[in-house]
Amino acid sequence: MGLSPEIDAALAGLLGLLVGSFLNVVIHRLPLMLERQWAAECASMAAGDDAPVAPAGESFNLVAPRSRCPSCGHGIRWYENLPVLSWLALRGRCSACKAPISPRYPLVELASAALFAFCIWRWGVTPTAGAWCAFSAAVLALALIDWDTTLLPDDITLPLLWGGLIAAVPAWTGVPLASAVWGAVAGYLSLWIIYWAFKLLTGKEGMGYGDFKLFAALGAWFGWQALVPLILVASVIGAVVGIAMKLRSSLREGGYVPFGPFLAAAGLGGMAFGPEWALRLIGF
């Protein structure tokens, strides 16, 4: 039972700011944690089972060590880490060395706040709103991780997939469980087939397995009927962004653009306006 739609949405926005601050940590650290894990596993296999175990270094995870300025190593104090406000108060610069702080940090916090506020405004203080808030946070993190690193970590895609299936059981997403299950199956297999067809024809990999899992997760949240609209709008947005980057000569080495952010954008659009919005957007 909420207070009023406006107050509930405002409080959800404040929670979203805090979640967004944590998402900034996830977006930065999770790929580094995976790289360290893979490097340690490779070193262990190369050394053999009888090799002595190297002493553990400084803990590096989502909570340790405390955040530092990447330029000077200044430990960020709690009052320098308040969502949005600290960035504004510091004028986007480190308090110690005055190195610039990326504006993406407050933008992620504001995006998370807006998504949380929208979910509560639309569905009220309900389990449905909580489910879509969790969906929004996961999809936002995946989009930016993929954009930065071309990775879609299983640590997020698989819980997102299972979350969609679990949320379908009490009908929090409005999608019947059977439709959610077949959506996950069809989402994964459709991109898997496209991947192998493209690879057999060209000898190149057009996407990664993380894209299959993310699309499967979208199928679980929206049902199999939404897959065609979602993939169409993701493809159109990706094509427009790719062409714009090519015209500006800003494509990265190899001329590729990760597909995950566009799947994420289609998913957030589907959450906000319904999957049929995707077809209207592209003129069907």
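Please read all numbers here as calculations on a predicted model, not as lab measurements. (Residues numbered from 1 in each chain as written. Predicted model: local features only at pLDDT ≥ 70, side-chain atom pairs only at ≥ 80, totals over all residues. Heavy atoms only, no water.)

## Let's talk about the overall build of the protein chain
Looking only at helices and strands, the protein chain features 10 helices and zero strands. From first element to last, N terminus to C terminus, the protein chain shows the α and β order α-α-α-α-α-α-α-α-α-α. By principal-axis analysis of the C-alpha atoms, the protein chain measures approximately 55 × 55 × 45 Å. Among the 284 residues that make up the protein chain, the fraction classed as buried is 41%. Long-range contacts, defined as pairs at least 24 residues apart, comprise 69% of the intrachain contacts of the protein chain with a sequence gap of at least 6. Carbon and sulfur atoms provide 68% of the accessible area of the protein chain, an area that totals close to 15,800 Å². Here the protein chain carries 17 positive and 17 negative side-chain charges, and the mean point of each set is 10 Å from the other. (Helix = DSSP H or I, 4+ residues; strand = E, 2+ residues; numbered from the N terminus. Buried < 20%, exposed > 50% of the residue type's maximum accessible area, 1.4 Å probe, protein only. Contact = heavy atoms within 4.5 Å. Areas by Shrake-Rupley, 256 points an atom, 1.4 Å probe, with all protein chains shown as cover. Lys, Arg positive; Asp, Glu negative; His and termini not counted. Charge placed at Lys NZ, Arg CZ, Asp CG, Glu CD.)

## Examining the environment of L160
Mapped onto the fold, L160 is located in helix α5 (residues 154-168). A relative accessible area of 4% means that L160 is categorised as buried. For the pair formed by L160 and A217, sequence separation is 57 residues and the distance between their alpha carbons is 5.9 Å. When residues no more than four places from it in sequence are discounted, the contact partners of L160 are F135, A138, V139, L142, L214, A217 and W221.

## Re a nonpolar patch on the surface
On the surface, V169, L177, V181, W182, V185, L189, W192, I193, W196, L200, Y209 and W224 cluster together into a nonpolar patch covering about 1,200 Å² of accessible area. When residues of the nonpolar patch are assigned to their parent elements, the largest contribution, nine residues, is made by helix α6 (residues 177-202). Turning to its location among the elements, V181 is positioned in helix α6. What makes V181 partly exposed here is its relative accessible area of 35%. (Patch = residues over 30% accessible without salt bridge, like charges linked within 9 Å, V, L, I, M, F, W, Y side chains within 5 Å. Salt bridge = Lys/Arg side-chain N within 4 Å of Asp/Glu carboxyl O.)

## Here's the deal with the environment of C97
Note that C97 resides in the loop between α2 (85-89) and α3 (104-123). Along the backbone, C97 and C72 are 25 residues apart, and their C-alpha atoms lie at a distance of 6.4 Å. Setting aside residues no more than four positions away along its own chain, C97 makes contact with C69, S71 and C72.

## Quick look at the nonpolar core
Judged by nonpolar contacts, the single largest core of 60 residues is most densely connected at F135, L160, F222 and L263. Counting residues per element, the ones that place at least two in this core are α1 (5-47), α3, α4 (127-149), α5, α6, α7 (209-222), α8 (227-247) and α9 (260-273). Take this core: its biggest share by element is 14 residues, from α4. Each residue touching F222, except ones within four places of it in the same chain, is listed here: W132, F135, V175, L230, G267, G270, M271 and P275. (Core = buried A, V, L, I, M, F, W, Y, C linked by side-chain atoms within 4.5 Å.)

## Observations regarding α3
Between its terminal C-alpha atoms α3 stretches 28 Å, which fits the 28 Å expected from 20 residues at 1.5 Å a residue. Buried residues of α3: P106, V108, E109, S112, A113, L115, F116, A117, C119 and I120, and no others. Just beyond α3, the residue with positive phi is G124, at close to 75°. (Expected span 1.5 Å × (residues − 1).)

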